[in-house]
Amino acid sequence: MTSYWCERAALPAGVTDGVRLRTREGRLTAVETGVAPAPSDTRLRGLVLPGLANAHSHAFHRVLRGRTHDRGGTFWTWRQEMYAVADRLTPDTYLGVARALLLEALCAGWTVVGEFQYLHHGPDGRPYADPNAMGRAVVRAAEEVGIRLTLLDTCYLAGGLGASGPTPLVGVQRRFGDGSVSRWAERVRDLGEGPLVRVGAAAHSVRVLTPAQLADLAELVEDPVGPIARGRPVHAHVSEQPAENEAVLARYAATPSAVLGDAGLLGDRFTAVHATHLTADDVALLARSGATACFCPTTEADLADGIGPARVLHDAGVPLALGSDSHAVVDPFREMQALEMHDRLAHLERGRLPLPVLRAAASGHGYHALGWPDGGRLEAGALADLVAVDPASRRTAGSDPEQVALTAAAADVTDVVVGGRHVVRDRQHELGPVEHLLAGALDAVRGDR
């Protein structure tokens, strides 16, 4: 048993002083309030929050940070640069990038990450000797760093959607495809789980899977002996771009959300990633199904995707989660703040999303979306995932304790606990400085380009 004494902790009832959190086998067993520290306690200074969840990540996109932001264009032109990076990665260099990115995320306060993994095969599209070499690289990276991971293995079968139907995979896209839904499932069956790792599924988007293929995928992920464990999450990119909606409407006479609904993929284990360009009917459909919507505000801003209907979805009863997607920014507080600020800009009104909604998006709803329903709260029985934040930094000094999340930044995270294990202490991880790992990993992929 390990006990952590928190100077101040964000409990379900509110911020509370003098809190002891007892842990055993990775879970909180007791929460004691109004207590003084004992000699056996590990002390956590500042404000302790429940673990924070990054529900949408593409680890290798981290290579692009600082290399694409001044060139104009759109999502579609940025995608060509992303493809160029994907073309160069090997299992070894992917391991390096994923390890560095996950360490950066952990030190920023994220305790669980959902990796939307579609980079599967060799450069010519042929599988590696281990068909899951790329996915296992991400799993190994997470285990070395000590962060929770949900590997959302992604089914990606076409290059896009044209007027006459799906287009073939070309160039680097051949690395993404398994040829059929059944072959995707056969590969995924060999992925194992562990104490910090779960395996879920993803349909990349309605642009690259036909309605029939989506229905096959829905059947497989519901099968008790299917490729993923029963109840594990299913994600998809949904309506990220107007051009996506236009292509799907032209081909199928329905929106992406409607196509996914008709295929049987929507439900309370489903997460619509981005959900930026939705119709009123789409919002109602997601709400009826119990699905979650994952916003990635800093990426959606960086790629000029648009501002999604966060308040509309919340009002309809759709849980909101957060992700950092392309990792133009790795900071859970920035994502939380941007979710609110973008809605303010769109509607010329402050306080669009109440603080409890923002905190749930950054924590509990993200854990649920990633298949860890017992995470994201400080109460007995929950996962022992904790994040300590300095409330007296140059950013947070003077903040109401309840509002620290609206002023804090990743640099204010001092300590992180995952599954009861103290993995970041006084801003340091046993693997060493984040900067050193990042520099080596990025240089291995791009050199001095």
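Just so you know, these numbers come straight off a predicted model, no measurement behind them.

About the cut-offs
Residues numbered from 1 in each chain as written. Predicted model: local features only at pLDDT ≥ 70, side-chain atom pairs only at ≥ 80, totals over all residues. Heavy atoms only, no water. Helix = DSSP H or I, 4+ residues; strand = E, 2+ residues; numbered from the N terminus. Rg over C-alpha atoms; globule rule 2.2 N^0.38 Å. Buried < 20%, exposed > 50% of the residue type's maximum accessible area, 1.4 Å probe, protein only. Contact = heavy atoms within 4.5 Å. Areas by Shrake-Rupley, 256 points an atom, 1.4 Å probe, with all protein chains shown as cover. Pairing = 2+ DSSP bridges. Axes fitted to C-alpha atoms, helices over the stretch in contact; angles between N-to-C directions. Phe/Tyr/Trp six-rings, centres within 6.5 Å; stacked < 30°, edge-to-face > 60°. Polar contact = N/O pair within 3.5 Å; in protein donor to acceptor, adjacent residues only side chain to side chain. Salt bridge = Lys/Arg side-chain N within 4 Å of Asp/Glu carboxyl O. Core = buried A, V, L, I, M, F, W, Y, C linked by side-chain atoms within 4.5 Å. Arc of directions from axis to C-beta. Expected span 1.5 Å × (residues − 1). Parallel < 35°, antiparallel > 145°, perpendicular 65-115°, else oblique. Left-handed = near helix turned anticlockwise from the far one by under 90°. Nonpolar A, V, L, I, M, F, W, Y, C, P; charged D, E, K, R; others polar.

## Some details on the overall build of the chain
Here is step 1 of the chain: Scanning the chain from N- to C-terminus turns up 14 helices and 18 strands.
Here is step 2 of the chain: Computed over its C-alpha atoms, the radius of gyration of the chain comes to 21 Å, within 12% of the 22 Å expected for a compact globule of 449 residues.
Here is step 3 of the chain: The C-alpha extent of the chain, read off along each of the three principal axes, is 70 × 50 × 45 Å.
Here is step 4 of the chain: In the chain, buried positions account for 58% of the 449 residues.
Here is step 5 of the chain: Considering only residue pairs separated by 6 or more positions, the chain has 73% of its internal contacts joining residues 24 or more positions apart.
Here is step 6 of the chain: Taken as a whole, the chain presents about 16,900 Å² of accessible surface, with 51% of it coming from carbon and sulfur.

## What to know about the sheet that holds strand β12 (residues 270–274)
Here is step 1 of the chain: Read across the sheet, eight strands follow the order β5-β6-β7-β10-β11-β12-β13-β14 without closing on themselves; strand pairing throughout is parallel. Each having just a single partner strand, β5 (52–57) and β14 (320–322) make up the two edges of the open sheet. Between one strand and the next, the sheet's axes are offset by a mean angle of 25°, whatever the strand orientation.
Here is step 2 of the chain: Two elements, strand β10 (residues 197–203) and strand β11 (residues 234–238), share three bridges in a ladder whose sense is parallel. For Ala 203, the partnering residue across the bridge sits in β11 and is Ala 236.

## Some points on the pairing of β10
Here is step 1 of the chain: Among the seven residues that make up β10, six are buried, leaving the element largely enclosed by the rest of the structure.
Here is step 2 of the chain: Where strand β7 (residues 148–155) lies against β10, seven bridges are found, and the strand directions are parallel. Counterpart to Leu 151 in the pairing with β10 is Val 199.

## So, the packing of aromatic side chains
Here is step 1 of the chain: The full count for this structure, using the stated rule, is seven aromatic pairs.
Here is step 2 of the chain: Pairing Phe 60 with Tyr 118 gives two aromatic rings, centres 6.1 Å apart and planes at 80°, and the pair type is edge-to-face. Here the residue Phe 60 occupies a position in the loop between β5 and α1 (75–88), and Tyr 118 occupies one in the loop between β6 (110–117) and α3 (133–145), the gap between them amounting to 58 residues. In this pair, the class of Phe 60 matches that of Tyr 118, namely buried.
Here is step 3 of the chain: The interplanar angle of 55° and the centroid separation of 6.0 Å between the aromatic rings of Tyr 83 and Phe 176 together place this pair among those described as tilted. Remark: Phe 176 occurs in the loop between β9 (165–167) and α4 (181–188) and Tyr 83 occurs in helix α1; sequence separation between them is 93 residues. Neither residue differs from the other here; Tyr 83 and Phe 176 are each classed as buried.

## Quick word on the side chain of Ser 57
Here is step 1 of the chain: Tracing the backbone through its elements, the reader meets Ser 57 in strand β5.
Here is step 2 of the chain: Separated by 2.6 Å, the side chains of Ser 57 and Glu 115 make a polar contact.

## With respect to the pattern of salt bridges
Here is step 1 of the chain: Throughout the structure, instances matching the rule amount to 27 salt bridges.
Here is step 2 of the chain: A salt bridge links Arg 126 to Asp 124; the nearest nitrogen and oxygen atoms lie 2.6 Å apart.
Here is step 3 of the chain: You can call Asp 124 partly exposed: its relative accessible area is 38%.
Here is step 4 of the chain: A salt bridge links Asp 315 to Arg 311, with the shortest nitrogen-to-oxygen separation between them at 3.0 Å. Note that Asp 315 and Arg 311 are positioned in helix α10 (residues 310–316) at a spacing of four residues, about one turn of the helix.
Here is step 5 of the chain: You can call Arg 311 partly exposed: its relative accessible area is 24%.
Here is step 6 of the chain: The structure contains a network of salt bridges with shared partners spanning Arg 20, Arg 22, Glu 32 and Asp 41.

## Remarks on the nonpolar core
Here is step 1 of the chain: If you look at the biggest cluster of nonpolar residues, it comprises 131 residues, and the most contacted ones within it are Leu 313 and Leu 320.
Here is step 2 of the chain: In contact with Leu 320, not counting residues within four places along its chain, are Thr 292, Ala 293, Phe 295, Ala 310, Leu 313, His 314, Leu 339, Leu 353, Val 357, Ala 360, Ala 361 and His 365.
Here is step 3 of the chain: Core analysis: the next-biggest nonpolar cluster, separate from the first, contains 15 residues, Val 19, Leu 44, Ala 382 and Leu 386 among them.

## Thoughts on the sheet that holds strand β4 (residues 42–50)
Here is step 1 of the chain: Pairing is mixed in the open sheet, where eight strands are placed in the order β3-β2-β1-β4-β15-β16-β17-β18. What marks the edges here is a single partner per strand, and that holds for β3 (27–33) and β18 (428–429).
Here is step 2 of the chain: Of the pairings in the sheet, the one linking strand β17 (residues 421–425) to β18 comprises two bridges and is antiparallel in character. Paired with Val 424 across the strands is His 429, a residue of β18.

## Examining helix α8 (residues 280–289)
Here is step 1 of the chain: Those residues of α8 that fall on the buried side of the exposure criterion are Asp 282, Val 283, Leu 285 and Leu 286. Burial along α8 is one-sided: seen end-on, the buried residues are contained in an arc of 165°. Turned more than 90 degrees away from the buried face of α8 sit Ala 280, Asp 281 and Arg 288, all of them exposed.
Here is step 2 of the chain: Following α8 by one or two positions, Gly 290 has its phi on the positive side, about 85°.

## Quick notes on α1
Here is step 1 of the chain: Between its first and last C-alpha atoms α1 spans 20 Å; for 14 residues at 1.5 Å apiece the expected length is 20 Å, and the two agree.
Here is step 2 of the chain: Inspection of α1 places Phe 75, Trp 78, Arg 79, Met 82, Tyr 83, Val 85 and Ala 86 among the buried residues, and these make up the whole buried set. Mapping the buried residues of α1 onto a view down its axis gives an arc of 160°, with all of them on the same face.
Here is step 3 of the chain: Close packing links the buried residues of α1 with α14 (434–446).

## A few points about the environment of Leu 169
Here is step 1 of the chain: Looking at the secondary structure, you find Leu 169 in the loop between β9 and α4.
Here is step 2 of the chain: Taking the C-alpha atoms as reference points, Leu 169 and Arg 65, 104 residues apart in sequence, are found 26 Å from one another.

## Focus on the packing of helix α11 (residues 332–347) against helix α12 (residues 355–362)
Here is step 1 of the chain: Between α11 and α12, whose axes approach to 10 Å, the crossing angle comes to 135°. Considered as vectors, α11 and α12 are oriented oblique to each other. The handedness of the crossing between α11 and α12 comes out as right-handed. In this structure, α11 uses Met 336, Leu 339 and Glu 340 to contact α12, whose residues at the interface are Leu 358, Arg 359, Ala 361 and Ala 362.
Here is step 2 of the chain: Class assignment of the residues belonging to the contact of α11 with α12 gives a composition of five nonpolar, no polar and two charged.

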